[in-house]
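Structural features, examined
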Amino acid sequence: LRARSTLTFAADRFSYAIDRQDSRVFYTVTDGERSVSAPLAWAFGAGKVGQSFLFERNGRLHESRVSYYDSIGRLDLTPNHQRSVPINLEEATSRVVPAAEMRRCFACHTTASGTGTTDVNFAELISGITCEACHGPGRQHVAAMRTSAARRADIALLRIRTLSASDSVDFCGSCHATFWDVTLAGERGIAALRSQPFRLQSSRCWQQGDARLTCVACHDPHTPLVRDQRSYDARCTACHASSAAAAAAQAPRICTVATDNCTTCHMPKYDVPDMHFQFT
């Protein structure tokens, strides 16, 4: 939204526009006779895949019917909004976000959204994902680190590396969807594709009980996501060894077809049409 002052889209006889006016961004929908407009309050997503937008009306948050997708550089219908044709301007504009869904959205896309309450605490939350989103409140840690090393107490942060393999993957899955989130929702195929913890815990390697196999075995959560597939080869071969070495160490064998670009075959990408993006 900072790079584009105006975005437009049309579908089902309705026209959409998102444009910046001074410090605010307005969302407008028209059917040719009437128009509805509201200032956007939240943009969810870093924009590498896309962004969806929320605005407030009558004390409730609404999700806009259109989202921005970076691969096509424009607006299109928000996922799950394609399943029905709106019958009026209000339905074409947005949908009300239920309270339970709103808590889940803010819990994963902001920090400390639920501090001290079961509802979203807009006065206390911090936009985006900070260190405290994963490691918990950091004030005691800061206070401890300001004391001398000899007097330093427990730094009082959640040490994720001490979690078991299952708990570690479930910890990441609290936002990326756990195995049971997907299973109990009955999701299959493309619907289950974007849950990396589900895919990991459904894999043959996971069933063999290798405790090294967690999300952070391949991804460093403190650095931006690496998108060069070749860069993961060293991570793959760190666990998968040659046949002789594998037999000696009881480790998984290395692929007999190739020793580079491992993920192009073993973690292929699939199109998710609603998202205009390929996911592993």
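Just above sits the structure.
Overview of the structure. (Residues numbered from 1 in each chain as written. Predicted model: local features only at pLDDT ≥ 70, side-chain atom pairs only at ≥ 80, totals over all residues. Heavy atoms only, no water.)

Moving on, we come to the overall build of the chain. In terms of helices and strands, the chain carries 12 helices and 13 strands. Across the 280 residues that make up the chain, the buried fraction comes to 28%. The contacts in the chain between residues at least 6 apart in sequence include a share of 37% that link residues at least 24 apart. For the chain, the accessible surface area stands at approximately 17800 Å², while carbon and sulfur atoms represent 53% of it. Taken as two groups, the 31 positive and 27 negative side-chain charges of the chain have centres that lie 5 Å from each other. (Helix = DSSP H or I, 4+ residues; strand = E, 2+ residues; numbered from the N terminus. Buried < 20%, exposed > 50% of the residue type's maximum accessible area, 1.4 Å probe, protein only. Contact = heavy atoms within 4.5 Å. Areas by Shrake-Rupley, 256 points an atom, 1.4 Å probe, with all protein chains shown as cover. Lys, Arg positive; Asp, Glu negative; His and termini not counted. Charge placed at Lys NZ, Arg CZ, Asp CG, Glu CD.)

Our focus in this paragraph is the pattern of salt bridges. Oppositely charged side chains can pair when the atoms bearing their charge come close. Counted under the stated rule, the structure contains seven salt bridges. Each of the salt bridges in this network shares a partner with another, and the network as a whole consists of Glu63, Arg95 and Glu101. (Salt bridge = Lys/Arg side-chain N within 4 Å of Asp/Glu carboxyl O.)

The pairing of strand 3 (residues 24-30) with strand 4 (residues 35-44) spans five bridges and is classified as antiparallel. Residue pairing in the sheet places Thr30 in a bridge with Ser35 of strand 4. A loop of four residues connects strand 3 with strand 4, the two strands running antiparallel in sequence, and Gly32 in this loop sits at a positive phi of about 100 degrees. In this structure, the hairpin formed by strand 4 and strand 5 (residues 50-57) is closed by a connection of five residues, where Gly45 is found at a positive phi of approximately 115 degrees. (Pairing = 2+ DSSP bridges.)

For the α-helix, the turn length of 3.6 residues means that residues three or four positions removed from each other point alike. For helix 5 (residues 165-176), with 12 residues, the first-to-last C-alpha span of 16 Å sits near the 16 Å given by 1.5 Å per residue. Listed as buried for helix 5 are Ala165, Ser168, Val169 and Gly173. Relative to the axis of helix 5, the buried residues are bounded by an arc of 135 degrees and lie together on one face. After helix 5 finishes, the residue Ala177 shows a positive phi value of roughly 80 degrees. (Expected span 1.5 Å × (residues − 1). Arc of directions from axis to C-beta.)

Right, let's talk about the side chain of Ser113 for a bit. Positionally, Ser113 belongs in the loop between strand 10 (110-111) and strand 11 (126-127). The exposure class of Ser113 is buried, given its relative accessible area of 7%. A polar side-chain atom of Ser113 sits 3.4 Å from the main-chain carbonyl oxygen of Phe106. (Polar contact = N/O pair within 3.5 Å; in protein donor to acceptor, adjacent residues only side chain to side chain.)

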